[in-house]
Amino acid sequence: MAQHLAEPNATTILSDDASWWRQAVVYQIYPRSFADGNGDGIGDLKGILSRVDYLADLGVDAVWLSPFYPSALADGGYDVADYRDVDPRIGTLAEFDELVEALHARGIRVVVDIVPNHTSNLHEWFRRAVAAGRGSAERERYIFRDGSGANGELPPTDWLSVFGGSAWERVDDGQWYLHNFAVEQPDLNWSNPEVRADFVKTLRFWADRGVDGFRIDVAHMLTKDLTEPLPSRAELELIPRDGKHPLIDRDDVHEVYAEWRAVFNSYDPPRTAVAEAWVDSARVPLYARPESLGQSFNFDLLLADFDAAQFRDIVTSNLDLAALSGSSSTWVLSNHDVVRHATRYGLPKTRRDESGKTLEKAGNDWLLGGGAESQLDRERGERRASAATLFLLGLPGSAYLYQGEELGLHEVADIADEQRQDPTFFRSEGSEIGRDGCRVPLPWSAHGASFGFGADGAHLPQPGWFAEYAVEREEVDPASTLSLYRRALALRHALQSGEQLGWIETGRDDVLRFTRPGGWQVVTNFGSEDYPIEDGANVVLSSSGATDVVRGESTVWIAP
Ligand code: NOJ
Ligand code: CA
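None of these values were measured; they are calculated from a predicted model.

1. Quick look at the environment of serine 544
- If you trace the backbone, serine 544 turns up in the loop between β15 (538-542) and β16 (549-550).
- Serine 544 sits 160 residues away from arginine 384 along the chain, and the two C-alpha atoms are 9.9 Å apart.
- A polar contact of 3.1 Å, which involves the side chain of serine 544, links it to the backbone nitrogen of alanine 546.

Have a look at this one:
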């Protein structure tokens, strides 16, 4: 194989390029499961700080930190009790500053997670709202209503929370509050100017500390029209999602983001934002516009099968959407909410609904009950995952990677009920396995109590097979997934000299081939039969290791 020696990144300080985000590789850290600096079993900022070299060697352009704020962990930290502090179990503000400085010194930007749809029920505002009683200004920061039924003993509506069960919870004086997610995550009232002002304060708080960008949780659900009478669940489902739906993807949410945009643009370089917005494709550009958040996640590849036709359609439609908004597209195969892609691709098939559409979180079912894990073809999953990742990293736009995928890590199916943490598991009474399997602490070494994660145990159990995926082992193995990711990220800067993509017809339904500026080419073989490449092609990267041919379920990069 044409050996590429990854050269150390010459730029050790941040460039002043305001469009750094357009084609960035952003590495998602789930802080509680990345590295444990003080040995209490929970990942922390000290742990991340001790692994800054690892991140720099990997070659990422930015890290996105999932919530590290004070939280009772009813939803893995997405239940925030204080938006302007660090959970004492994770660190201190001084350590946060130190981490930002260390990352910046290695040329790595920092993105933090903002959770504006709901607070934790332990947030000072919510405690005061409960204490202050009905009709109070404190309750106006949330969404409180009287119940239905003769004595208000029934919830105001039959709406369901995303995690299962009623979307309303009753407090002692009999009123009910809305929670679209867990009971411990009361929805905020975005009609209240105080709520708006407080989030501006939060954005400035982190931007002033040097944070470069923000990932906005549930960006499509903040504003609501709760004019009485409230519709029933059945009625809600019939209302088109065209910007006027009472709960989802309302046009007026962009008034909030226009205000945030002014905040972002008051910094030099402007702070960036990416929306987590599960909305119809046609409405994604509204979030990705430069006047709004500027970029939006595209989860299409994450929901797709390992399939050439699906991948090609997704790329074409998302590049078109990005062009509409003037933003760049985003690509993601794994994150903290879904079954890791190495595992998804190694399972027999994907679940679909009656219309043939892939169902969200496909793969979960196969991992239910332990037995199904035996159906997993680990090697095939990893082979396909590497092929898909090199395909994704070759595309124009920014790539979001999730911690552990660079090791080819699989989902952990085998977690005892009493060790599970995800509210989806509990609220669905175990019928949904939940998201803990992709949140198990990383293996840094092949030996030791928690595979080098920390001095002692890990807060979720790590299986014995984690040893095979340890950073320590993969780092010295040129054929490992980690080595492949490192080479790809080192080469990627040259491949990303512009944002154009052109398809080359391959004469095969199961092979995709495209060009990038300067004459780079990416070829992915989704089938099983080899695809020949021209003699003399300068193959600089190959997920199978072969350079004269594109093997089944593999990708090659051809340099000019
Ligand atoms: C999306 C986050 O990614 C997920 O982890 C969380 O449970 C929900 N938003 C609610 O905040
Ligand atoms: Ca710790």
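2. Remarks on the site of ligand 1
- Around ligand 1, the surrounding shell holds 14 residues, and the nearest of these are Asp75, His118, Asp217, His336 and Asp337.
- Contacts to ligand 1 include arginine 215, whose side-chain N or O atom sits 3.1 Å from an oxygen atom.
- A distance of 2.9 Å separates an oxygen atom of ligand 1 from a polar atom in the side chain of histidine 336.
- Its residues placed into classes, the shell around ligand 1 shows four nonpolar, three polar and seven charged.

3. Focus: the sheet that holds strand β4 (residues 144-145)
- Strand order in the open sheet formed by three strands is β4-β6-β5, and the pairing between neighbours is antiparallel. Only two strands of the sheet have a single neighbouring strand rather than two, namely β4 and β5 (168-170).

4. Some remarks on the pairing of strand β17 (residues 554-559)
- With six of six residues buried, β17 lies mostly within the body of the structure.
- Both faces of β17 are covered, namely the face carrying Ser554, Val556 and Ile558 and the face carrying Thr555, Trp557 and Ala559.
- Here β15 pairs with β17 via four bridges, running antiparallel. Its bridge partner being in β17, valine 539 is matched across the sheet by isoleucine 558.

5. Observations concerning the coordination of the calcium ion (ligand 2)
- Taken together, the protein donors to the calcium ion (ligand 2) comprise Asp36 (OD), Asn38 (OD1), Asp40 (OD), Ile42 (O) and Asp44 (OD), at separations of 2.3 Å.
- One chain supplies every donor to the calcium ion (ligand 2), and in sequence these donors are spaced D-x1-N-x1-D-x1-I-x1-D.

6. Structural notes on the packing of aromatic side chains
- Summed over the entire model, instances satisfying the criterion amount to 38 aromatic pairs.
- Aromatic side chains phenylalanine 214 and phenylalanine 264 sit 5.7 Å apart centroid to centroid with 20 degrees between the ring planes, which places their arrangement in the stacked category. Of the two residues, phenylalanine 214 is situated in strand β7 (residues 213-216) and phenylalanine 264 in helix α7 (residues 253-265); the sequence distance between them amounts to 50 residues. Exposure class is identical for phenylalanine 214 and phenylalanine 264. Each is buried.
- A network of ring pairs unites the aromatic residues Phe306, Phe311, Tyr345, Phe391, Trp503, Phe514 and Phe526 as a single cluster.

7. Re α7
- With 13 residues, α7 ought to run about 18 Å at 1.5 Å a step, and its terminal C-alpha atoms sit 19 Å apart, in line with that.
- Among the residues making up α7, those that are buried are Val253, His254, Val256, Tyr257, Trp260, Arg261, Val263 and Phe264. Taken end-on, α7 shows its buried residues confined to a sector of 160 degrees, consistent with a single buried face. Opposite the buried face of α7, at more than 90 degrees from it, the exposed residues are Glu255 and Ala262.
- Buried residues along α7 sit in contact with β3 (109-114), α5 (193-208), β7, β8 (272-275) and α8 (284-288).

8. So, the nonpolar core
- Counting residues in each nonpolar core, the largest one holds 133 residues, and the members touching the most others are Tyr27, Leu55, Phe96, Phe214, Tyr257, Trp260 and Trp557.
- Core analysis: the second largest hydrophobic core is formed by 16 residues, Trp159, Phe163, Phe181 and Leu230 among them.

9. What about the domain arrangement of the protein chain?
- Split by domain assignment, the protein chain resolves into domain 1 (20-116 + 193-491) and domain 2 (124-178).
- Relative placement of domain 1 and domain 2: their C-alpha centres are 30 Å apart.
- Between domain 1 and domain 2, the residue contacts involve 19 residues of the former and 16 residues of the latter.
- Three residues, Leu226, Arg233 and Arg427, lead the burial of domain 1 against domain 2; their summed loss comes to 37% of the area buried on that side.
- Along the contact surface separating domain 1 from domain 2 lie two salt bridges.
- For glutamate 194, the salt bridge identified is with arginine 141, shortest N-O distance 2.7 Å.
- Across the contact surface, domain 1 and domain 2 share seven residue pairs in polar contact (both at pLDDT 80 or more).

10. Side note on the confidence of the model for the protein chain
- The predicted model of the protein chain averages 92 in pLDDT, with 93% of residues at 70 or higher.
- Long-range and interchain partners of residues 1-12, a stretch whose pLDDT sits below 50, account for 21 contacts in this model, where long-range means more than four residues apart.
- Low pLDDT (under 50) marks residues 359-371, which in the prediction has 35 contacts with non-local residues, meaning those over four places away or in another chain.

11. Topic: helix α3 (residues 93-105)
- For α3, with 13 residues, the first-to-last C-alpha span of 18 Å sits near the 18 Å given by 1.5 Å per residue.
- For α3, the full list of buried residues reads Glu95, Phe96, Leu99, Val100, Leu103 and His104.
- Tucked inside the fold, the buried residues of α3 contact α1 (45-49), α2 (52-58), β2 (62-65), β3 and α5.
- Once α3 ends, the next one or two residues include glycine 107, with phi positive near 80 degrees.

Definitions and limits used
Residues numbered from 1 in each chain as written. Chains lettered and ligands numbered in written order. Predicted model: local features only at pLDDT ≥ 70, side-chain atom pairs only at ≥ 80, totals over all residues. Heavy atoms only, no water. Helix = DSSP H or I, 4+ residues; strand = E, 2+ residues; numbered from the N terminus. Polar contact = N/O pair within 3.5 Å; in protein donor to acceptor, adjacent residues only side chain to side chain. Near = heavy atom within 4 Å. Nonpolar A, V, L, I, M, F, W, Y, C, P; charged D, E, K, R; others polar. Pairing = 2+ DSSP bridges. Buried < 20%, exposed > 50% of the residue type's maximum accessible area, 1.4 Å probe, protein only. Donors = N, O, S within 2.8 Å, 3.2 Å for Na, K, Ca; no water. Phe/Tyr/Trp six-rings, centres within 6.5 Å; stacked < 30°, edge-to-face > 60°. Expected span 1.5 Å × (residues − 1). Arc of directions from axis to C-beta. Contact = heavy atoms within 4.5 Å. Core = buried A, V, L, I, M, F, W, Y, C linked by side-chain atoms within 4.5 Å. Domains from an automatic or database assignment. Buried area = accessible area lost by both parts, 1.4 Å probe. Salt bridge = Lys/Arg side-chain N within 4 Å of Asp/Glu carboxyl O. pLDDT = per-residue confidence, 0-100.

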